[in-house]
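Chain residues, written in single-letter form:
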Amino acid sequence: MEVTDHLDDRSGERPVGQIRPCYSRPNPLRSEACQKGYLRLGEILMGHSDSASALAKLRAQGLRLNGLRHQELRYTGQRVNGRGANGHGKNGQGAFKAEFLTDVLTGLQASPKSLPSKYLYDERGSRLFDEICLLDEYYLTRTEDQIIKQYAQEMADQIGPGVMLVEYGSGSSTKTTALLNRLAEPIAYVPVDISREHLGRTALSLAAAFPQIEILPVCADFTQAFSLPVSSRLPTHSAVFFPGSTIGNFQRPAALAMLEQIAQLCGRGGGLLIGIDLQKEVLALESAYNDARGVTAEFNLNILRHINRELAGNFEKNQFEHRAVYDGDENRIEISLVSCCQQQVAVGEETFLLEEDEAIITEYSHKYTIEGFASLAAEVGLTLRRSWTDDKQLFAVLHFALLS
Ligand code: AVJ
């Protein structure tokens, strides 16, 4: 069987313990991938063209690399929705920036003004979000972790044997590990993430921990359609794992579109394991988004830095204030940046006038009841099979099936 190595061009000597990602059979995606500017393996791995520096960075982050040498780590040449994720792609950067600019201009021309929440997550934003997850006030992450840890076996039983498990967001892998540990005969694990860095880290550490599971990372924006990679063994079905209550970011039409997309990706017999934040008293909700240390405020304001840097904006961070309030009619936390004065702001060639107290909405975080979310999912054919929650009913993890 032919082994093709795509990590870099210096595939000759490799010290012991180095990663050896490979395709163990000819990969039909490969030549097409290279022609069309799909991601190459090395790029997916780290966004480094040089494997030595990628490895040094991984080591510095404390990753166990020994033992990976014989691990078959496969990467797909999955297309990143037509552009380089995170703007690092050799061919995609321009397109990515153009889309960022269009999104920002469209949002600032609208009334009320808004900015897509996905732009909160540049590198610094992602780090700040990780910090949010550790805050006392931010109960979401810790509660979901605890639910999954406690009921991982039941969840794995619900998902069933022979699955290709597709994770949206592939964040920190503690939840994933708990699940993968308990799945019966899992065929493949497909982490999907827009951040190549995150994806590389997740893929490598899970490949080391689960040598029997084929790891097929896909670098993509999961809010847009993408296709599943092909595993070497045929799965009996696919299931999407979508933790973190990220679905809460979407308003109803977008949430429905997302669920529909998941249903189509999995097909009949497929499943969805998803985390949602539950409705609760307003004080607890608002505290979670107005932490005492101001980390959430910093996270929110970071979107302005991101725009200034990437799109030649001139937002003055200290002319804006973080606001997060619960809207009981819409059942959502509305996060915005409020202009402290009347001011003019430029983004590239365009200028915008902001009135004193005018808000730019940066994020919604919808809160559901289990029944409410189940009826939403039912609209696209997803049937609620089981749900798990913590004893204070702060958060829930739901399992849906696409019945044939
Ligand atoms: C990542 C969308 C789940 O809505 O709670 C946290 C994002 N924003 N604090 C959420 C967020 C501010 C978070 N989600």
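What you are looking at is a predicted structure, and each value in this text was computed from that prediction instead of being measured. (Residues numbered from 1 in each chain as written. Predicted model: local features only at pLDDT ≥ 70, side-chain atom pairs only at ≥ 80, totals over all residues.)

K.L.:
How should the overall build of the protein be read in this particular structure?
P.N.:
Helices and strands together make up the secondary structure of the protein, namely 12 helices and 14 strands. A separation of at least 24 residues holds for 71% of the contacts in the protein among residues at least 6 apart in sequence. (Helix = DSSP H or I, 4+ residues; strand = E, 2+ residues; numbered from the N terminus. Contact = placed C-beta atoms within 7 Å.)

K.L.:
Teacher, can you tell me more about helix α5 (residues 123-132) here?
P.N.:
Residue pairs spaced three or four apart in an α-helix point in one direction, given the helix's 3.6 residues per turn. Within the sequence span of α5, burial applies to Gly125, Leu128 and Ile132. What you see down the axis of α5 is that its buried residues fit within an arc of 65 degrees, all on one side. (Buried ≥ 20, exposed ≤ 12 C-beta atoms within 10 Å, placed from the backbone. Arc of directions from axis to C-beta.)

K.L.:
How should I be thinking about the nonpolar core in this particular structure?
P.N.:
The tendency in soluble globular proteins is for nonpolar side chains to be buried as a group. Among the nonpolar cores identified, the biggest contains 64 residues, and Leu165, Val190, Ala239, Val240 and Leu272 are the most heavily contacted of them. Of the residues forming this core, the biggest block, seven residues, is contributed by strand β14 (residues 395-402). Ignoring anything within four residues of it in the chain, the contact list for valine 190 reads Met164, Leu165, Val166, Glu167, Leu216, Val218, Leu228 and Pro229. Membership of the second largest hydrophobic core comes to 21 residues, among which are Val104, Phe299, Leu337 and Leu354. (Core = buried A, V, L, I, M, F, W, Y, C linked by C-beta atoms within 7 Å.)

K.L.:
It is not clear to me how the site of the ligand should be interpreted in this structure. Could you clarify?
P.N.:
Taken together, 13 residues sit near the ligand, with Ile132, Ser245, Thr246, Asn249 and Ser365 positioned nearest. Counting residues per element, the ones that place at least two in the shell around the ligand are α11 (295-311) and β12 (359-366). Across the shell around the ligand, the residue classes tally to five nonpolar, seven polar and one charged. (Near = placed C-beta within 6 Å. Nonpolar A, V, L, I, M, F, W, Y, C, P; charged D, E, K, R; others polar.)

K.L.:
What exactly am I supposed to notice about the pairing of strand β6 (residues 237-242) here?
P.N.:
Successive residues of a regular strand alternate their side chains across the two faces of the sheet. By the criterion of burial, β6 is predominantly enclosed, with five of the six residues buried. Of the pairings in the sheet, the one linking strand β2 (residues 163-168) to β6 comprises five bridges and is parallel in character. Within the sheet, the bridge partner assigned to valine 166 lies in β6 and is valine 240. Note: β6 against strand β7 (residues 271-277), four bridges, orientation parallel. (Pairing = 2+ DSSP bridges.)

K.L.:
Where do I start with the pairing of strand β8 (residues 320-327) in this structure?
P.N.:
As defined by bridge partners, β8 adjoins strand β9 (residues 332-339) across eight bridges and the pair is classed as antiparallel. For arginine 323, the partnering residue across the bridge sits in β9 and is serine 336. With antiparallel pairing between neighbouring strands as the criterion, β8 and β9 make up a hairpin whose turn holds four residues, including asparagine 331 at a positive phi of roughly 55 degrees.

K.L.:
Honestly, the packing of α5 against α11 in this entry has me stumped. Any pointers?
P.N.:
Two measures define how a pair of helices packs: the angle their axes make with one another and the distance between the axes. It is the contact of α5 with α11, at a shortest axis distance of 9 Å, that shows an interaxial angle of 170 degrees. By the angle between their directions, the pair α5 and α11 is classed as roughly antiparallel. Taking contact as the criterion, the partners of Arg124, Gly125, Leu128, Phe129, Glu131 and Ile132 in α5 are, on α11, Val295, Thr296, Glu298, Phe299, Asn302 and His306. (Axes fitted to C-alpha atoms, helices over the stretch in contact; angles between N-to-C directions. Parallel < 35°, antiparallel > 145°, perpendicular 65-115°, else oblique.)

K.L.:
I tried to follow the sheet that holds β8 on my own but got confused; where do I start?
P.N.:
Here we have four strands laid out as an open sheet, ordered β1-β12-β9-β8, and mixed in their pairing. Of all the strands in the sheet, just β1 (113-114) and β8 have a single pairing partner and so form its edges.

K.L.:
Is there a simple way to think about the environment of valine 397 in this case?
P.N.:
Take valine 397: it is sitting in strand β14. Under the C-beta neighbour-count criterion, valine 397 is labelled buried, with 24 such atoms within 10 Å. When the C-alpha atoms of valine 397 and serine 387 are compared, they prove to be 5.7 Å apart, with 10 residues separating the residues in sequence. Setting aside chain neighbours within four positions, we find valine 397 in contact with Glu144, Ile147, Ile148, Leu273, Gly275, Ser387 and Trp388.

K.L.:
Please explain the environment of isoleucine 213 as it appears in this structure.
P.N.:
Within the secondary structure, isoleucine 213 is located in the loop between α8 (196-209) and β4 (214-215). Exposure remark for isoleucine 213: the 19 C-beta atoms within 10 Å place this residue in the partly exposed category. C-alpha separation for the pair isoleucine 213 and glutamate 185, spaced 28 residues apart in sequence, amounts to 8.6 Å. The residues contacting isoleucine 213, other than those within four sequence positions of it, are Leu180, Pro186, Ala188 and Tyr189.

K.L.:
How do you make sense of unusual backbone geometry when you look at a structure like this?
P.N.:
Among all residues except glycine, the phi angle is most often negative; among peptide bonds, the trans geometry is most common. A cis amide bond, omega 0 degrees, links serine 111 with the succeeding residue proline 112. The topology assignment puts proline 112 in the loop between α4 (93-109) and β1. Despite not being glycine, glutamate 185 has its phi angle at roughly 45 degrees, a positive value. Relative to the elements of secondary structure, glutamate 185 occurs in the loop between α7 (174-180) and β3 (188-193). Given 13 C-beta atoms within a 10 Å radius, glutamate 185 is considered partly exposed. With a phi angle near 50 degrees, alanine 312 is a residue other than glycine that sits in the positive phi range. By C-beta crowding, alanine 312 is classed as exposed, having 12 other C-beta atoms within 10 Å.

K.L.:
Help me out: how do you make sense of the confidence of the model for the protein in this one?
P.N.:
When pLDDT drops low, the exact placement of atoms in the prediction is not to be read closely. Summarising the model, the protein shows a mean pLDDT of 81, and 76% of its residues fall at 70 or more. Counting contacts from residues 1-56, a segment whose pLDDT is below 50, to residues more than four positions away or on other chains yields 83 contacts. In this model residues 58-92 is a low-confidence stretch, pLDDT under 50, and it forms 95 contacts with partners more than four residues away in sequence or in other chains. (pLDDT = per-residue confidence, 0-100.)

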